[in-house]
Amino acid sequence: GWIKVSLHASGSWQHGFIAGEATQQHRPAGSSRHFAIWGQPSQLVPGWTRAARIVVPASELQPRSASGTPGRPVAKIPVSGEHNAAVIGIWLEALAWHSTHVWSVSSGGPVAETCG
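These numbers come from a predicted model, not from an experiment.

**Q** Where do I start with the overall build of the protein chain in this structure?
**A** Broken down by element type, the protein chain carries 1 helix and 7 strands. Element order for the protein chain, N to C, with α for helix and β for strand: β-β-α-β-β-β-β-β. Residues classed as buried in the protein chain amount to 15% of the 116 residues present. Intrachain contacts of the protein chain at a sequence separation of at least 6 include 44% that bridge at least 24 residues. Of the roughly 8,800 Å² that the protein chain leaves accessible, carbon and sulfur atoms contribute 56%.

Okay, here's the thing in structure tokens:
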């Protein structure tokens, strides 16, 4: 891949190209390889920081090819209706935090996560 997200322990989080070659091909001369640099966000709930959220419109989702990559784990993400999107959240757990949390989502349904 050409693009990465770096979540440094220093608290400097970055999104950008991996190396200079991709930067030179896709950004103006002299530009930074980074699209964005920001500070690590605060925990949204005790013990949990949302690292990233990826939103994919339902119109862009497609079935995985059966011949794709057999043996690799695939997570099926359900999407209902043509006007919805798959929202994938990537969360970081603080060390030594063990609990069960239940939240409600915008659709009104509960989401439970158990950690430990």
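Right, picking up where we left off after that structure.
**Q** How should the side chain of Q14 be read in this particular structure?
**A** Its place among the elements puts Q14 in strand β2 (residues 12-17). Among the polar contacts listed, one links the side chain of Q14 to the side chain of H34, at a separation of 3.0 Å. The contacts of Q14, once residues within four sequence positions are left out, are K4, V5, S6, H8, H34, A36, I37 and W38.

**Q** What is the right way to read the environment of I37 from this model?
**A** Relative to the helices and strands, I37 resides in strand β3 (residues 34-39). For I37, a relative accessible area of 53% translates into the label exposed. Between the C-alpha atoms of I37 and H15, which are 22 residues apart in sequence, the distance is 6.6 Å. Non-local contacts of I37, meaning those with residues more than four positions away in its chain, are made with S12, W13 and Q14.

Cut-offs applied
- Residues numbered from 1 in each chain as written.
- Predicted model: local features only at pLDDT ≥ 70, side-chain atom pairs only at ≥ 80, totals over all residues.
- Heavy atoms only, no water.
- Helix = DSSP H or I, 4+ residues; strand = E, 2+ residues; numbered from the N terminus.
- Buried < 20%, exposed > 50% of the residue type's maximum accessible area, 1.4 Å probe, protein only.
- Contact = heavy atoms within 4.5 Å.
- Areas by Shrake-Rupley, 256 points an atom, 1.4 Å probe, with all protein chains shown as cover.
- Polar contact = N/O pair within 3.5 Å; in protein donor to acceptor, adjacent residues only side chain to side chain.

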